[in-house]
Amino acid sequence: MAPTALPHTPAPALHRAVVTKPSKFNHPLDPLTPNEISAVTLAIRHFTAANTPIKALRFITCTLLPPPKKVVLAALGIPLTPGAQPEAPVDIIRKAESDFLDVINGGCYNAVLALTNGVWEVETLELVPDGSEPQITVEELTMCEEIVRRDPKVQALAKQVGVEPHQICADGWAIGYDDRFPKDQRLQQALMFARFSEHDNLYAHPLDFIVVVDSVAEKVVQIDFPPTYRKDADGSIKLSVDTTEAQALSDDSLAGSNRERIPPPRTAFDFLPDLMEKTDPTYKPRDDVKPLHVVQPEGVSFKIDGHTLEWQKWKMHIAFTHREGIALSTVTYNDDGEIRPILYRLSLAEMVVPYGAPEFPHPRKFAFDSGEYGMGTMANELSLGCDCLRTDSLYGILSHTSGAYVTHAGTPFVIKNAICIHEEDAGVLWKHTDYRPGGRSQTVRSRRLVVSMVCTLANYEYVWNYYFYQDGQHRARRSALLASYKSMSVALMNQILMEPPWHPVSALISTNIFSPSALTPCLTGINNSVIESDIVSLDAPAGSKENFAGNAFVVKDRVLKDQAKDGARDFDWACRAPVEESRIWARTHYSSGKPASYQIMMKGGLLPLMAKPDSWVARRASFAHKALWVVKDVEGPKGGRMWPSGKYVPQTREEPEDSVGRWVKEGQGKIDNEDIVLYLTVGTTHVPRPEDWPVMPVEHLNIVFKPFNFFTKNPSMDVPGTKDAHSKPAFSNGHSANDTHTNGSNGTTACCGN
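Nothing here was measured: the structure is a model prediction, and the numbers come from that model. (Residues numbered from 1 in each chain as written. Predicted model: local features only at pLDDT ≥ 70, side-chain atom pairs only at ≥ 80, totals over all residues. Heavy atoms only, no water.)

Engineer: Give me the lowdown on the overall build of the protein, citing residues and values where you can.
Structural biologist: In terms of helices and strands, the protein carries eleven helices and 34 strands. Among the 754 residues that make up the protein, the fraction classed as buried is 53%. Sequence separation of 24 or more characterises 70% of the internal contacts of the protein that already satisfy a separation of 6 or more. In the structure as shown, the protein presents an accessible area of about 34400 Å², 54% of it carried by carbon and sulfur atoms. (Helix = DSSP H or I, 4+ residues; strand = E, 2+ residues; numbered from the N terminus. Buried < 20%, exposed > 50% of the residue type's maximum accessible area, 1.4 Å probe, protein only. Contact = heavy atoms within 4.5 Å. Areas by Shrake-Rupley, 256 points an atom, 1.4 Å probe, with all protein chains shown as cover.)

Laid out in structure tokens, this is it:
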């Protein structure tokens, strides 16, 4: 039965409204509480039962629908333009948005609800366009393994290579791109492994086939056998088939792969210490690691009120969302009594992980880890002393600050301690020594605030850190780890190419590309501009009057003005340093005359998308083509522009209409002195190495936001240079006896100065 298209009309009188307790929220962007999630989904059930043919629902998402920016800023007393008074606050109607599946008739629906006088009412109910799927849920990923494990054909195939049904494991992935199936069939691909003992590292034991599962019908619909590589008599390496194209759907794709079955490796490669003691005869924990304690005897320096965090001169709103994980908003800085807005919103907008193996079905592996799964729903429950440093900084342990998302049944699932907030030493903030005899010096150590989350997506771990510093800087750091897994086809190719003994590390080459910032600037006002700064050699040649020594270089600035022409920017590796600035702020720096701005520094994480421009992944992830995107925000009934690869990501086959590539191509008008959104694209290419086995050491990517003519002077000059009385010499004799130099010495007073 085909899904029913429903009119976009308010609920009729026969709909029974759901009455809930009035919501208390301190900030207009506070996320839905667990109680609100329950009330919203119950209201949807009542509405669909009374007004639609929908009989069975599977909830996928349920989240706050944020109010317009102007309404939020008015509520917080932040003016829209510099020097003006804030707009008068208006009553804010709390709204929610939910995606759900009709599991009997098919189709996905989007509902918008409003809370008025304690009553949740469905405002609109829309059928999501054909071929659009909401994110895959945690329950569906778990269900995928159960479906695969109980399938008779899968059991038989596993048995042929020595794997019993209870040893079968499957990592559910979005199907990626596979046009052999209908657009409206909700699919997952299951990467297959074996687990030979409890908690055994299953990634050491890959199976040689991939299963495709229908998540709604809960059945296996296809089993694909990848081809493998062979070494010919002349020494050349060839694929076992003559094409990397997908085979037609078949009950016997093994024959099409032109190879024999490959049993999984049996050797254990564990990462849990108690298992390594049993399975690795060479394992011995290091015994020379002394304790290192991080303590704050007087407590933390930050304050939390609901979802509002204050630290030093920073103030911001922190929210948990099912898709982005951490969402920071309304970030301000107290500049000597003046509250200066810096960011309206900052979050992970999207990421994609394209793999490099060309033989089918490996090209289907390009996971959109945010849009296809939801970074928030994959968040870990953080533990004290490992992920976070203090008990009172585990954000999410209190009911009003918990991380919650909706389950299939419409109930909330609460992740305790989903977000960690702590302070840490960050080295030297600033220092200067007067080197002359008798000169004095001053050293000030830096402290930073860390807002973090850890998310697990199958064999990948992502650590999301947002840092705030005492000098007005803030940074977004993405740290990636993975439990390397062996791909059978690549493993065999590496086995052929390497001299024995063959090391069992063989993972596909992949690229992690993040669009880590749906960054909405708010530098002392809602309208902002972007300047592109190029550092270039002076045109005048050496020997000329203008550049006699030939050493001169200058900064050339250009304001990005037109969305269609300037909205998508490449990075010039030789000279470019994009600078974000607020053009509407009437004042300029008293000395430089430059406009108040923040500099965006991301050069260390820039890389091109290696896939062909017309490849499957390039068509779906248009944001990966450029380092910087600048688009004018357009707010509608369902909010503003957020998702660079579209709102509904799973199983898209072309560039979505609501994606950043389309916004720029089809955009009209200017982006100078406008309400704009920036998308910053960084990434790293992972070429697997033996040192990544069985778990890869962490790899970091950073984006730095640095004040540039924003403050009158160094804003951290008032940070005290406190000397840590608990710091002791490493050895009993302290400094060397021959160390008699005293000029500019430190540590002689309580303030690290003299």
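Engineer: Tell me what's going on with unusual backbone geometry, and back it up with residues and numbers.
Structural biologist: A cis geometry characterises the amide bond from Phe 360 onward to Pro 361, with omega recorded as 10°. Within the fold, Pro 361 resides in the loop between strand S17 (350-354) and strand S18 (366-367). Along the chain, Trp 693 connects to Pro 694 via a cis peptide bond; the corresponding omega equals 0°. Backbone geometry places Gln 312, a non-glycine residue, at a positive phi of 50°. Along the chain, Gln 312 turns up in the loop between strand S13 (308-311) and strand S14 (314-321). Located in the positive-phi region is Gln 651, a residue other than glycine, with phi close to 70°. In this fold, Gln 651 is placed in the loop between strand S32 (628-632) and helix H11 (660-666).

Engineer: Please provide a residue-by-residue account of the sheet that holds strand S6 (residues 168-174), values included.
Structural biologist: The antiparallel open sheet is built from four strands, whose spatial order is S6-S7-S8-S9. The outermost strands of the open sheet, each flanked by one partner alone, are S6 and strand S9 (219-224). Averaged over all pairs of adjacent strands, the angle between their axes in this sheet comes to 35°, without regard to strand direction. As paired strands, S6 and strand S7 (residues 187-194) are joined by seven bridges and run antiparallel to one another. By the bridge assignment, Cys 169 is partnered in S7 with Phe 193. (Pairing = 2+ DSSP bridges. Axes fitted to C-alpha atoms, helices over the stretch in contact; angles between N-to-C directions.)

Engineer: Lay out empty space enclosed by the protein in plain terms, naming residues and giving numbers.
Structural biologist: For the structure shown, the criterion picks out seven cavities of 30 Å³ or more. Taken as a whole, the second largest cavity spans an internal volume of roughly 70 Å³. Residue lining of the second largest cavity: Ile 175, Gly 176, Tyr 177, Asp 178, Phe 181, Pro 182, Lys 183, Leu 187, Gln 651 and Arg 653, and that is the complete set. Residues of the lining of the second largest cavity, tallied by class, amount to five nonpolar, two polar and three charged. (1 Å grid on protein atoms, 1.4 Å probe; cavity = no way out; pocket = protein on both sides within 12 Å on 5 of 7 lines; lining within 4 Å. Points joined across faces, edges and corners; volume = space filled by probe spheres on them. Nonpolar A, V, L, I, M, F, W, Y, C, P; charged D, E, K, R; others polar.)

Engineer: Give me helix H2 (residues 69-76): which residues, what numbers.
Structural biologist: Within H2, burial applies to Lys 69, Val 72, Leu 73 and Ala 74. Of the residues trailing H2, Gly 77 is marked for its positive phi of about 75°.

Engineer: Before we move on, could you go through the side chain of Ser 452 and cite the residues and values that matter?
Structural biologist: Counting through the fold element by element, Ser 452 comes out in strand S23 (residues 441-457). For Ser 452, a relative accessible area of 4% gives the class buried. In contact with Ser 452, not counting residues within four places along its chain, are Ile 326, Leu 382, Ala 418, Ile 419, Cys 420, Trp 464 and Asn 465.

Engineer: Residues and numbers for the pairing of strand S8 (residues 206-214), please.
Structural biologist: With nine of nine residues buried, S8 is to be regarded as a mostly interior element. Summarising the sheet, S7 and S8 pair through six bridges and their orientation is antiparallel. In the sheet register, Leu 191 faces S8, and the bridge partner there is Ile 210. Here S8 hands over to S9 after four residues, with Glu 218 in that stretch at a positive phi of 55°.

Engineer: Before we move on, can you summarise the confidence of the model for the protein with the specific residues and values?
Structural biologist: The predicted model of the protein averages 85 in pLDDT, with 85% of residues at 70 or higher. Confidence over residues 485-506 falls short of pLDDT 50; this stretch has 60 contacts with residues more than four positions distant or in other chains. Contacts of residues 740-750 to residues separated by more than four positions or lying in other chains number 26 contacts, the stretch itself having pLDDT below 50. (pLDDT = per-residue confidence, 0-100.)

Engineer: Now, about the pattern of salt bridges: what can you tell me, with residues and values included?
Structural biologist: A pair can form between side chains of opposite charge whenever their charged atoms are brought close. Overall, the coordinates contain 45 salt bridges when judged by the stated rule. Close ionic contact of Arg 558 with Glu 532 constitutes a salt bridge, the shortest N to O distance being 3.9 Å. Note that Arg 558 is positioned in strand S28 (residues 553-559) and Glu 532 in strand S27 (residues 529-537), a separation of 26 residues in sequence. Overall, Glu 532 belongs to the buried group, its relative accessible area being 5%. A salt bridge links Arg 662 to Glu 666; the nearest nitrogen and oxygen atoms lie 3.9 Å apart. Here Arg 662 pairs with Glu 666, and both are found in helix H11, just four residues apart, close to one helical turn. (Salt bridge = Lys/Arg side-chain N within 4 Å of Asp/Glu carboxyl O.)

Engineer: Just give me the short version of the packing of aromatic side chains, but keep the residues and values in it.
Structural biologist: One pass over the structure, following the stated rule, counts 18 aromatic pairs. Ring centres of Phe 209 and Phe 225 lie 5.6 Å apart, and the angle between their planes is 40°; this geometry places the pair in the tilted category. Highlighted residues: Phe 209 in strand S8 and Phe 225 in the loop between S9 and strand S10 (229-231), separated in sequence by 16 residues. Summarising the burial analysis for this pair, Phe 209 and Phe 225 share the class buried. A centroid spacing of 5.1 Å and a plane angle of 80° characterise the contact between Trp 314 and Tyr 333, whose relative ring orientation is edge-to-face. Separated by 19 residues along the polypeptide, Trp 314 in strand S14 and Tyr 333 in strand S15 (residues 325-335) bring together distant segments of the chain. Comparing Trp 314 with Tyr 333, the two get one shared label, buried. (Phe/Tyr/Trp six-rings, centres within 6.5 Å; stacked < 30°, edge-to-face > 60°.)

Engineer: Would you mind going over the side chain of Asp 675 in detail, with residue names and values included?
Structural biologist: Structurally, Asp 675 is set in the loop between H11 and strand S33 (676-686). On the basis of relative accessible area, Asp 675 is assigned to the buried category, the value being 13%. Within the local environment of Asp 675, its side chain forms a polar contact with the side chain of Lys 69, the two groups lying 3.1 Å apart. Sequence-distant contacts of Asp 675, defined by excluding residues within four places in its chain, comprise Lys 69, Thr 520, Ile 526, Asn 527, Val 631, Lys 632 and Asp 633. (Polar contact = N/O pair within 3.5 Å; in protein donor to acceptor, adjacent residues only side chain to side chain.)

Engineer: Give a detailed account of the environment of Glu 36, specifying residues and quantitative values.
Structural biologist: Of note, Glu 36 is situated in helix H1 (residues 34-51). Classification of Glu 36 as buried rests on a relative accessible area of 3%. Each C-alpha atom of the pair Glu 36 and Thr 63 lies 9.5 Å from the other, and the pair is 27 residues apart in sequence. Only 3.0 Å separates the side chain of Glu 36 from the backbone nitrogen of Thr 33, close enough to count as a polar contact.

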